[in-house]
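Here is how the chains run, residue by residue.
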Amino acid sequence: MTRVHSSPWVLSLRLSLLLAIWDRAKCGSGDGKSLWQRPLTSNDFLTGTFPDGFLWGVGTSAFQTEGSWDRDGKGASIWDHFTHNLYRMGNSIGMATADTASDSYALWEQDVESVRYLGAKFYAFSLSWPRLFSDGNSTGPPNPVAVEHYQQLIRMLKALGLEPVVTLFHWDLPQSLQEHLGGWKNPEMVRVFSDYATFCFATFGRDVRYWITMHNPLLLALLGYGTGAHAPGVTGDPADPFIVAHNLIRAHAESWHIYDKQFRPHQHGQVSITLGSHWVEPFKGQATAVNVELCQKSMEAVIGWFAEPIHGSGDYPSSLQVSHQGLIPEFTPEEKLWVRGTADFFSLAFGPDTPRAVHSISSFGQSGTLNLRKVLVWVQQEYRDPHVLVAESSWFSDASVGVEDTVAIFYMKRFINQVLQAVVVDHVKVFGYTAWSLVDGFEWNNGYSIRRGLFYIDFNQPQRTRVPKTTAQFYRKVVKDNGFPTNETGKDITGQFPCDFHFGVADFTLQVHLQPFSPQFTDPLLYRWNYTGDGTLRPVIGVRLRTRGSQCSDFLAIQRHIQLVEMTGTSHYRFGLDWPQLFPNGDISSADREAVRYYRCMLTELQRKGIQAVVTLYQPSLRSPTMGMPSPQHDSGGWMNTSMVEAFANYATFCYQEFGSLVQVWITINEPNRLIETYNRSAQDRERVVRNLLLAHARAWNIYHTHFRQLQGAKVSFTIHADWVEPANPFVKSHRNAVQSFMLLELGRFLDPFLKDMDHNKKTCPDCFHSNSFHLPYFSEDERAELKGALDFIALNHFTTRLVFSKAPLTETYNHGYSLMYDPTWTSSKKGQALAPWGLRRVLGWVKDRYRDSRSIVITATGIDDQASHDDQLRQTYIRSYLQEVLKAREMDGIDVGGFYVWKLQDHHGSDFGFFTSSHHRSQPKASVTVYRELISQRGFPATTGDPVTSPLVMPCELNERRMACWLCNGLAENRPLLFFGICVTISMLMLAGVIITSVVVKSRKQKRRGVIQAMPQRLHRQQRFAMQRVAHRI
């Protein structure tokens, strides 16, 4: 091979200049460390599309897929030797070989058709070095059959408008080079590889725009010459991996320079090297200075090992040199300049191989995560914002999964969306994405036990037919859409809810708190404090005060509780009665009158505040040992016992009588579909529980309708837990059918008896995909009449959306035939609840479409846990987005949604679902209180002009005006003694002021009068005048 040398003085001058540049580059190291110090703005799933011209591709490697290991003159590779011989020494791959693999050498045209099926723009594949040169010597004649094979492949790709992305070396080194030279441990391999690269550039370069010299050389150095897990299986010397890496880097740099000088001017291609990476986060999320340094060190030890010499300073990372002092070869100053910058773009591999290989040796106690976005941003900040090709990205599935690789879809979805975030949010210059791999193949030391292909291959069948998996269908859609375009239905709308819309807060069972209690008007004793110096109150003997009867204001807990409700600005407050506390013996004749009075006081005070009460009669709770029912009923079998129907009806009747005048909405039973899960019995037993629950509600509804409605005028219903589900894999029919099966099981079997004409002669649900999904209870003619229409509105508790997929029933107890999971790309809470607001609108649509009923639907509970003690951003987003979906359901879908209740008022202990912190944390309001109050005051999302001066004002509802007037009246009535005292003080002050003003005026007048008298001549008194007259007459 010809070498071009410069004269000594020119080389010296060039070297001096480049050294200066290199020194400045080394001093100005990258800023990748800031990623752990300043987290990225958002990790939520991003909707949107990639830039125009973004390259979508798919890739394979020669050894994993080609097969034909000794056909048409191909020589053996180190992996052929490794799989044929070393398994006898206990290698983990056992008897598996890649002798046939996917048979892509023979079926390459089917591979091209598979690429076309995906709609990809490029196909990344590697050349088989031992197929082109059986002995690895590229200075000799090549294998003409192999040359023709790859030329045919490239020509067909170009003819179909597909760009070939060609890798020169993907680990399949010719075995003869390993035997005669010792493989990559020998520095002579730099020349050998550059000769091979030169041949490939010259032979195929006219039609190739993108060249990759090597794919993930880290794993070859670490596993091939370190642990021995990969071919050639060399172990022993700890310096070997670093020597191999050194030679690989130098071989790549030499090849880049050859292309740059000899081929770029007329071929106009680009050359890079694909580097694998993992990602780590600080241990337990603690971004201390020490942990951040260790995270940076971990990245430098993996991707930085090769990237820093090529894309960075031209030398190995300093942390790597320090930690492996004496093992890492040194670059000469000339080599540093020669290596630095030998990549036209950054080619990145992010899959399972690198994280698994480096976890135990390069994590440094930090936590590994799958975050491709952060790797891309790290590369951007560490290596001066290069253009990036994601050259490998995927995860793996177990071989038993087959074509329905549901989990792999979510990994692909996550990785692609992370790339989208890096491009759109972080402005990383990613220009292409490679899904890996096109077809199932030989997965190195895992053999065929795992699969990574988009197309399934049955390796037991000689035909090796390519069958598209569901990941292929998913990727095809992403490529067609150029990402994840925003759905029109996902855009926010403006509008307001009607004045009678229920803005509410939903809560647990309201516990009776008789303490603290204010005894100031009910205690007849007079007390004096600290009389004996001990700081206690002691009654004054012989003194008795006049008292009054106890009042609701004496229950301090009620006042404090209602203050929290008022702060939310809600019009409705929903809470449950404590059935066991009201009737400890289960008999209404043994009612706890203090508990009754407490609830009456709560309802009275709510009414005085203008807040409408929504009362739940029975709210089952796992925290209660009796599931929220009196002990006698629980001990007799609970809802398995038909006597519960009558017991519940009696309890409901008592509550209607005692509290009915103060209650606007009654909920008989909360979430019976969750309650039946506590009965871990046979399907027949659960059917009995469902039957008793439905009859109990119907009986309570009919009692109210017949005896109380005309006088009290409230509405009665029961609530259903109504989360939405999507098919886990939308490309699988059984998953799509499982959605309807789930919804019928969750909602249909509880609402159908009230809202549909059911054929009760058929025991199974005719609409379900699985004929044995559930059994409908049998009802007599009278019972069907009692059930029919026994709902004043449809009450749904909705919290989240999940994914459903079908499966065979495990036991008779769990015979529903489906299972649930979450989409890991969705934003979720600490407890794993997904933020998926569109699911609420879809469940509302399902109810409307199924029942076509005129009854309104009320969301009686919805919310999300948020661990923030004050600025609960997740809850704020949840409330806005879910209320927005309710508005869309009303305005765009014509669904009569009558209310929206947020769960719940206050945390019990730590930060959870509450608007307020627990009483242990002083019941402090969180930021979501302000958000919800503002939404209520605006009645939703009114249109604005953006100018606060010209923006339309939200006109108050007459209901709100009445509530404010009522609030004023109640405020005056509640403070009559204080008001009277204030009036008396005011009158006294006015009278005193009048007296003072009068005396001042009188005194002022007297002073003025005295001043006038002193200024005038002395006048005679009347007596004197008359005396003088008498004297005059005498004279």
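Note that the structure is a prediction, hence the values are computed from the model and not measured. (Residues numbered from 1 in each chain as written. Predicted model: local features only at pLDDT ≥ 70, side-chain atom pairs only at ≥ 80, totals over all residues. Heavy atoms only, no water.)

(A) Main features of the overall build of the protein. Tallying secondary structure elements over the protein gives 34 helices and 31 strands in all. Buried positions account for 54% of the 1035 residues belonging to the protein. Considering only contacts within the protein whose residues lie at least 6 apart along the sequence, 78% involve residues at least 24 apart. Surface summary for the protein: the accessible area is close to 46400 Å², and the carbon and sulfur share equals 54%. (Helix = DSSP H or I, 4+ residues; strand = E, 2+ residues; numbered from the N terminus. Buried < 20%, exposed > 50% of the residue type's maximum accessible area, 1.4 Å probe, protein only. Contact = heavy atoms within 4.5 Å. Areas by Shrake-Rupley, 256 points an atom, 1.4 Å probe, with all protein chains shown as cover.)

(B) Geometry of the packing of aromatic side chains. In total, this model carries 70 aromatic pairs according to the counting rule given. Their ring planes at 40° and their centres at 5.9 Å tell us that Phe 63 and Trp 79 sit as a pair that is tilted. Linking Phe 63 in helix H3 (residues 62-65) with Trp 79 in helix H4 (residues 78-85), this pair joins segments that are 16 residues apart in sequence. Classification of Phe 63 by relative accessible area gives buried; the value is 7%. With 6.0 Å between their ring centres and 80° between their planes, Tyr 210 and Phe 345 make a pair best called edge-to-face. Residue Tyr 210 is located in strand S5 (residues 210-215), and its partner Phe 345 is located in the loop between helix H14 (333-339) and strand S8 (346-350); the two are separated by 135 residues in the primary sequence. An identical accessibility class is assigned to Tyr 210 and Phe 345; each is buried. Over the ring of Phe 396 we find Arg 356, and its NZ or CZ is 5.1 Å from the ring centre. (Phe/Tyr/Trp six-rings, centres within 6.5 Å; stacked < 30°, edge-to-face > 60°. Lys NZ or Arg CZ within 6 Å of the ring centre and 35° of its normal.)

(C) Local environment of a nonpolar patch on the surface. Together, Val 985, Met 989, Leu 992, Ile 996 and Val 1000 make up an exposed nonpolar region whose accessible area comes to about 440 Å². Relative to the helices and strands, Met 989 is located in helix H33 (residues 976-1015). Looking at Met 989, the relative accessible area reads 51%, which means it is exposed. (Patch = residues over 30% accessible without salt bridge, like charges linked within 9 Å, V, L, I, M, F, W, Y side chains within 5 Å. Salt bridge = Lys/Arg side-chain N within 4 Å of Asp/Glu carboxyl O.)

(D) Broad picture of the side chain of Arg 875. With respect to the helices and strands, Arg 875 occurs in helix H30 (residues 873-891). The class of Arg 875 is buried, set by a relative accessible area of 2%. One polar contact links the side chain of Arg 875 to the main-chain carbonyl oxygen of Ile 864, over a distance of 3.5 Å. Apart from the residues lying within four places of it in its own chain, the contact partners of Arg 875 are Ile 864, Asp 865, Asp 866, Asp 912, Phe 913, Gly 914, Lys 926 and Ser 928. (Polar contact = N/O pair within 3.5 Å; in protein donor to acceptor, adjacent residues only side chain to side chain.)

(E) Quick peek at the pairing of strand S29 (residues 857-862). Counting buried residues in S29 gives six out of six residues, a clear majority hidden from the surface. Here four bridges tie strand S26 (residues 794-797) to S29, and the two strands are oriented parallel to one another. Across the sheet, the residue bridging to Ala 795 is Val 858, located in S29. Pairing of S29 with strand S30 (residues 897-903), which is carried by four bridges, proceeds in the parallel orientation. Pairing of Val 858 across the sheet is with Gly 899, part of S30. (Pairing = 2+ DSSP bridges.)

(F) Molecular detail of the packing of helix H5 (residues 108-118) against helix H7 (residues 144-159). Packing of H5 against H7 leaves a shortest axis separation of 11 Å and a crossing angle of 25°. One finds that H5 runs roughly parallel with respect to H7. Relative to H7, the crossing made by H5 is right-handed. Contacts from Trp 108, Glu 109 and Val 112 of H5 reach H7 at His 149, Gln 152, Leu 153, Met 156 and Leu 157. (Axes fitted to C-alpha atoms, helices over the stretch in contact; angles between N-to-C directions. Parallel < 35°, antiparallel > 145°, perpendicular 65-115°, else oblique. Left-handed = near helix turned anticlockwise from the far one by under 90°.)

(G) Quick peek at the sheet that holds strand S24 (residues 715-721). Taking strand neighbours around the barrel as the criterion, the eight strands line up as S18-S21-S22-S23-S24-S26-S29-S30 in a closed arrangement whose pairing is parallel. Neighbour-to-neighbour, the strand axes of this sheet turn through a mean angle of 25°, independent of strand direction. Relative to strand S21 (residues 572-576), strand S18 (residues 502-509) runs parallel, the two sharing four bridges. In the strand pairing of S21, Thr 509 is matched with Gly 576. The strands touched by helix H25 (residues 683-707) are strand S23 (665-670) and S24; relative to S23, the strand with the most contacts, the crossing angle is about 165°.

(H) The arrangement of the environment of Leu 755 in detail. Along the chain, the position of Leu 755 falls in helix H27 (residues 733-755). Residue classification places Leu 755 among the buried residues on the basis of a relative accessible area of 11%. Along the backbone, Leu 755 and Arg 855 are 100 residues apart, and their C-alpha atoms lie at a distance of 9.8 Å. Dropping the residues within four chain positions of it, Leu 755 is found in contact with Lys 788, Leu 791, Ile 794, Tyr 851, Asp 853 and Arg 855.

(I) Focus on the confidence of the model for the protein. On average, residues of the protein score 88 in pLDDT, and 86% of them reach the 70 mark or higher. Segment residues 810-814 is flagged for pLDDT under 50; beyond a separation of four residues in sequence, or across chains, it makes ten contacts in the model. Confidence drops under pLDDT 50 across residues 959-968; counting only partners more than four residues distant or on other chains, this segment forms eleven contacts. (pLDDT = per-residue confidence, 0-100.)

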